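# Architecture at a glance
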Amino acid sequence: MRRTPRSLASPRIVNIHDLRHLAKRRLPRVVFDYLDGGAESEVTLRENCRIFDDVTFRPHQAVAIPECDLRTRVLSADLTFPAILAPIGYSRLMHPGGEVAAAAAAEEAGLAYTLSTISGHKLENVRIASKGPVWYQLYLVGGREVAEGAIDRARRAGFSALVVTIDTPVAGMRERDPRNGMKELLGGSIFSKLPFLPQMFTHPRWLLSFLIDGGVPKLENIVIPGKGPMSLIDVTAALAQAVVTWEDIRWLKRIWTGPIVVKGVLTADDAKRAIAEGAAAIVVSNHGGRQLDGAPATLKVLPEVVAAVNGQADVLMDGGVRRGSDIVKAICLGARAVLLGRAYAFGLAAAGQPGVTRALEILRADVERTLRLLGCPSVSALNSSYLNIPNHW
Ligand SMILES: Cc1cc2nc3c(=O)[nH]c(=O)nc-3n(C[C@H](O)[C@H](O)[C@H](O)COP(=O)(O)O)c2cc1C
């Protein structure tokens, strides 16, 4: 692994919150808030993080652990610790390296990467950037014919799983975005952009790299027949007509021969339905608090879903993971691995690939330290006996 640049090393960057601060300094407000914010009152966004404090550890003291084994296996992919990089749309706005840089950092760390449909880089280039496992996250933007084109390309490029997000029948109302001029940044006339330009000029490093990269990227994996790649400005409207139903999952099972991961499950009933429709794994997720505000924190519903799944599929979870101890708590409650969202995206926005590498290095070291402090020799040995779970859960 490469040496950490000084700007990302301790004592400047000690945890994920430090990377968030660095991202906030580098990005114009419109891009930072797009990454950082959530839907409406942001109750679910906050609760996703806070809920980890409700659960405390029960360490087994005075245990020597010569070798600590952090490895796990998800859908035949070996991971060096139980984390997968979640799909993050518009990554290329955060840093020109975008999805390619994140995939390369995932490979370097021995983790899997999930590419969002809303990607500024071609899926083939993302695949080339990582020899490790890469999954393709599907939205039905543009309809089934467009999706078939992307799925075919993903299969040929060697993506090993299809992640179908079911919590986005419309885009959530992220109130920071209209206030900051997100729509105007992505499209619109120069006159409509004018009120929002000062935030760009106060972030010249980001602005320069954005301009050199060619400005607002096209969505290279949403190719409309006869028209070419969709532009970013059209995607919100297109998402509103892209609801995924169980009937779509059945159709996807017919055209994608690899494993299907259903992302966005929050109840036992939907978990059972996903398995009945053939999902190989499910992700307990509320989209990082960006869709339905008032949806429960994911850690809280994880035990209900794990019980319903009863070992018939891998259960993954995401939302609010900012420390390795959060990962350990989720594993103790029955998750096979977590998906990291903002935790790595802050690193990407702060410094491109080295920033993602630093985020993953911090989280890996956290997981190992937490296991040793718990007196637990391996991730596979974690269970609920290492936790105090509040009575009111
Ligand atoms: C900026 C941003 C963009 C996202 N884009 C997508 C996406 O394109 N597809 C998707 O399924 N989930 C998307 N998500 C949700 C993440 O995959 C993941 O569920 C969420 O970030 C987990 O919460 P966390 O950020 O608190 O870790 C996005 C999240 C963020 C923060």
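Now for a look at the structure at hand. (Residues numbered from 1 in each chain as written. Predicted model: local features only at pLDDT ≥ 70, side-chain atom pairs only at ≥ 80, totals over all residues. Heavy atoms only, no water.)

### Things to note about the packing of aromatic side chains
To keep things clear, this is the line we draw: Here the aromatic set is Phe, Tyr and Trp, taking the six-membered ring for Trp, and pairing holds for ring centres within 6.5 Å; pairs whose planes are under 30 degrees apart are stacked, those over 60 apart are edge-to-face, and all others are tilted. Under the scheme used here, helices are H or I runs from DSSP no shorter than 4 residues and strands are E runs no shorter than 2 residues, and both carry numbers assigned from the N terminus. Accessible area is worked out with a 1.4 Å probe on protein chains only. A residue is then buried under 20% of its type maximum, exposed over 50%, and partly exposed in between. In this analysis the charged atom, NZ for Lys or CZ for Arg, is taken to sit over a ring once it is within 6 Å of the ring centre and within 35 degrees of the ring normal.
Evaluation of the coordinates by the stated rule reveals four aromatic pairs. Relative to Tyr90, the ring of Tyr34 has its centre 4.9 Å away and its plane inclined at 80 degrees; by these criteria the two rings are edge-to-face. Placement of the pair is Tyr34 in helix H2 (residues 29-36) and Tyr90 in the loop between strand E4 (83-85) and helix H4 (91-94), with a sequence separation of 56 residues. The residues Tyr34 and Tyr90 share a single accessibility class, namely buried. Its end group placed over the ring of Tyr34, Arg290 keeps NZ or CZ at 4.9 Å from the ring centre. Above the face of the Phe57 ring, Lys329 is positioned so that its terminal group lies 5.1 Å from the ring centre.

### Side note on the site of the ligand
Operational definition: Near is defined per residue: the residue qualifies when any heavy atom it owns lies within 4 Å of the molecule or strand. We call two N or O atoms a polar contact when they sit within 3.5 Å, provided that within protein one can donate a hydrogen and the other can accept it, with sequence-adjacent residues counted only if both atoms are side-chain atoms. Following the grouping adopted for this structure description, the nonpolar residues are Ala, Val, Leu, Ile, Met, Phe, Trp, Tyr, Cys and Pro, the charged ones are Asp, Glu, Lys and Arg, and the polar ones are all others, Gly among them.
Around the ligand, 22 residues are found, and the nearest of them are Pro87, Ser116, Thr165, Asp318 and Gly320. At a separation of 2.7 Å, an oxygen atom of the ligand approaches a polar side-chain atom of Ser116. One nitrogen or oxygen atom from the side chain of Asp318 is found 2.7 Å from an oxygen atom belonging to the ligand. In terms of residue class, the shell around the ligand is built from seven nonpolar, ten polar and five charged.

### What to know about the packing of helix H1 (residues 16-26) against helix H18 (residues 342-351)
Selection rule: Where helices are involved, their axes are fitted lines through C-alpha atoms of the stretch in contact, as for all axes, and angles between N-to-C directions lie from 0 to 180°. For classification purposes, angles smaller than 35 degrees are called roughly parallel, those larger than 145 roughly antiparallel, those between 65 and 115 roughly perpendicular, and all remaining angles oblique. Crossing handedness: left-handed means the near helix sits turned counterclockwise from the far one by under a right angle, and right-handed means the same turn made clockwise. Any two residues having at least one pair of non-hydrogen atoms within 4.5 Å are treated as being in contact.
The N-to-C vectors of H1 and H18 enclose an angle of 40 degrees; their axes lie 8 Å apart at closest approach. In terms of their interaxial angle, H1 and H18 are classed as oblique. Remark: the crossing between H1 and H18 carries left-handed chirality. Across the interface between the two elements, Ile16, Leu19, Arg20, Leu22, Ala23 and Arg26 from H1 touch Ala343, Phe346, Gly347, Ala349 and Ala350 from H18. Grouping the constituent residues of the contact of H1 with H18 by class yields eight nonpolar, one polar and two charged.

### Section: the pairing of strand E7 (residues 161-165)
Spelled out, the test is: Two strands pair if DSSP finds at least two bridges between them. Orienting the strands away from the viewer, one traces the path from the first strand over the helix to the second; a clockwise path indicates a right-handed crossover.
Summarising burial for E7: five of the five residues are buried, a large majority. Side chains Ala161, Val163 and Thr165 project from E7 onto one buried face, and the interleaved Leu162 and Val164 project onto a second face that is buried too. Where strand E6 (residues 134-138) lies against E7, four bridges are found, and the strand directions are parallel. Bridging from a neighbouring strand, Gln137 pairs with Val163 of E7. Taking the sense of rotation as the criterion, the β-α-β connection linking E6, helix H7 (residues 144-157) and E7 turns out right-handed. Bridge count between E7 and strand E10 (residues 260-265): four bridges; the pairing is parallel. The residue of E10 that forms the bridge with Val163 is Val261.

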